[in-house]
There are 2 protein chains.
Amino acid sequence: MAKPYVIGIDLGGTNTAFGVVDKEGKVIASTSIKTQAYPDLNDYMKALSDAMKKLAKDSVGLDKINGIGVGAPNGNFYTGNIEHAANLPWKGIVPFSRMLSEKMGLPVSLTNDANAAAVGEATYGAARNMKDFIMITLGTGVGSGIYVGGKLVYGADGNAGELGHVIVRRNGRQCGCGNKGCLECYTSATGIVRTAREFLLNDTQTPTMLREISEKEITGLYLTECARKGDKMCLDIFNYTGTILGEALADFVKFSSPEAIILFGGLAKAGTLLSIPTEKAMNDNLMPVFKNKVKLLFSELSGADAAILGASALAWEL
Amino acid sequence: MAKPYVIGIDLGGTNTAFGVVDKEGKVIASTSIKTQAYPDLNDYMKALSDAMKKLAKDSVGLDKINGIGVGAPNGNFYTGNIEHAANLPWKGIVPFSRMLSEKMGLPVSLTNDANAAAVGEATYGAARNMKDFIMITLGTGVGSGIYVGGKLVYGADGNAGELGHVIVRRNGRQCGCGNKGCLECYTSATGIVRTAREFLLNDTQTPTMLREISEKEITGLYLTECARKGDKMCLDIFNYTGTILGEALADFVKFSSPEAIILFGGLAKAGTLLSIPTEKAMNDNLMPVFKNKVKLLFSELSGADAAILGASALAWEL
């Protein structure tokens, strides 16, 4: 019988946010520490476990905690290690689960952030009762978590679900992964800004609010605002982005034939600006057996707590 | 306790081949009937079940048969139906499993041919002991069967694993599925012949054995023979084909991170002519976390019996 609470940790390059979560997916208490303040991993582990013990003690009591789930960049579920994460202060392979488990006296389950989001969605969100779905996270990068037959797909080595690096434009934009034309280069929050710069470069005539600010200030949020006000170039940028995303989603459907695809993360806040062209392009690129069958949904996990909730969901299976 | 034998049926547009198979994957006895000779489904079912009962009786006895597995075009595992198969004489939705089970008094499991090949490979072939692998069938079309965590991926509706229709060249060659640029248009036995015709059209200078026969006579087998004799254009055609296949495989790796990808079907007989450029392109398009890790293998199921073996493997789980 599982204990009634879990802890979820959202480990990011800047902050480590964590919270105590109940079975309905409610965050009972949460706080954070600065990841960057601890270049020494041992110092970080001490600060994290001290803060976590205090949080648990002040809320529900440490003895009521079933376990700890961690969503971390390059987190490997099989090993519990964080492997060569570019944006974290600790280099190489970090045995995160083992170290934290020893400090806390609790079992720890770890995976990458996009997988954690998918587990959260399956446990508390839009994918409750779904066995087959794909979560696409549209943030600074593009990540994914894939459910097949009721289980998260980890693959032979724990590295499955890197759909942000599927190549959507052969010899396209340079990606940080070393390849060119990855989905992430077009449909992440940074990708859409690259698109905006290209549009501005290629069309100096069409009036647009994008020329009212400096290019460096353009963000996904600003593009969304301008598009909502009817700015034609911004609408075109969302159509372009959604079309590429939809084309990619069609290929993913041919792989695992999911019941739904769920969009999550910063750029998903653009709502129908993004989802309408995405859904059209997806169905345009599907054969009859798949066409107009796959639901395109938005995450139901609330913004601020979503990453903590996702990570926490891992800990119910411990 | 499963009975010691199963029957596998390879249902094709021309012939229906079937055989009695033991636990080691040996075909004890086999025969076939002409699919096209029975435009009426009821006549076909009677002929098939009569022939099957005779085959079982004359070999191991019907009471030793655990069940029947069927690999059929557009076969749906969940429903046991064959759905709108273009190359079969019976139109619409055919409740194949139910009808055959009633005739035979045995449980029947059905899936599409590529999935059956994957189950066969997992049961008797190159994927024994593998939990995560992808089978790619390179025949008249391109099909796939995907294993994740030790189970075949069927998806929400039983239609998963249509990797032959992943789009590899946006606005590329017209595919029978209605879309353009599908993998199948380039890396099937018919796709490589289309490539040969394009090469001949675009280059009328380079000496090649392809000009020694009429264009209509070009086959995958002839291309293989000429390439093995060192014909430059044929070698270039295999490099082109393998490169496209490898680029697609790289994207599949990012989805499910398999231990191996297994090539099966007519064009796989080209061996290293195909696999060397395929493997190079696959690894060129993978990030460090995946590069040079995924095995590219050929099916170990022997040619003539492979489809029967694959289908038969489904019946062990009945």
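Note that the coordinates shown come from a computational prediction; the quantities given were computed from them, not determined experimentally. (Residues numbered from 1 in each chain as written. Chains lettered and ligands numbered in written order. Predicted model: local features only at pLDDT ≥ 70, side-chain atom pairs only at ≥ 80, totals over all residues.)

Caption draft 1: Spatial organisation of the nonpolar core. Judged by nonpolar contacts, the single largest core of 202 residues is most densely connected at Ile 7 of chain A together with Ile 7 of chain B. What Ile 7 of chain A contacts, discounting residues up to four positions off in sequence, is Phe 18, Val 20, Met 52, Ala 56, Ile 65, Ile 68, Ser 312 and Ala 315 of chain A. (Core = buried A, V, L, I, M, F, W, Y, C linked by C-beta atoms within 7 Å. Buried ≥ 20, exposed ≤ 12 C-beta atoms within 10 Å, placed from the backbone. Contact = placed C-beta atoms within 7 Å.)

Caption draft 2: How the structure looks around the sheet that holds strand β7 (residues 108-111) of chain A. All names here are of chain A. In spatial order, the strands read β3-β2-β1-β4-β7; together these five strands make up an open sheet with mixed pairing. Single-partner strands in this sheet number two, and they are β3 (27-34) and β7. Here the strands of the sheet are splayed against their neighbours by 15° on average, with no regard to which way each runs. Note that strand β1 (residues 5-11) and strand β2 (residues 15-21) share six bridges and pair antiparallel. Bridged to Leu 11 within β2 is Thr 16. Sheet strands in contact with helix α2 (residues 96-104) are β4 (65-71) and β7, and its direction is about 155° off that of β7. (Pairing = 2+ DSSP bridges. Helix = DSSP H or I, 4+ residues; strand = E, 2+ residues; numbered from the N terminus. Axes fitted to C-alpha atoms, helices over the stretch in contact; angles between N-to-C directions.)

Caption draft 3: Broad picture of the sheet that holds strand β10 (residues 151-152) of chain B. Residues and elements named next belong to chain B. Ordered by their spatial adjacency, five strands build an open sheet running β10-β9-β8-β11-β12, and the pairing between neighbours is mixed. Whereas interior strands pair on both sides, the edge strands pair on one side only; in this sheet they are β10 and β12 (295-298). Here six bridges tie strand β8 (residues 133-138) to strand β9 (residues 142-148), and the two strands are oriented antiparallel to one another. Bridged to Thr 137 within β9 is Gly 143. Across the sheet, helix α3 (residues 113-124) touches β8, β9, β10 and β11 (260-264), and the angle it forms with β9 is around 45°.

Caption draft 4: Examining the domain arrangement of chain A more closely. All names here are of chain A. When its domains are assigned, chain A resolves into domain 1 (5-121 + 304-317) and domain 2 (130-298). Computed from C-alpha coordinates alone, the two centres of domain 1 and domain 2 are separated by 28 Å. The partner domain 2 presents 12 residues to the 12 residues of domain 1 that form the contact. Of the residues in the side of domain 1 that touches domain 2, the class split is six nonpolar, four polar and two charged. (Domains from an automatic or database assignment. Nonpolar A, V, L, I, M, F, W, Y, C, P; charged D, E, K, R; others polar.)

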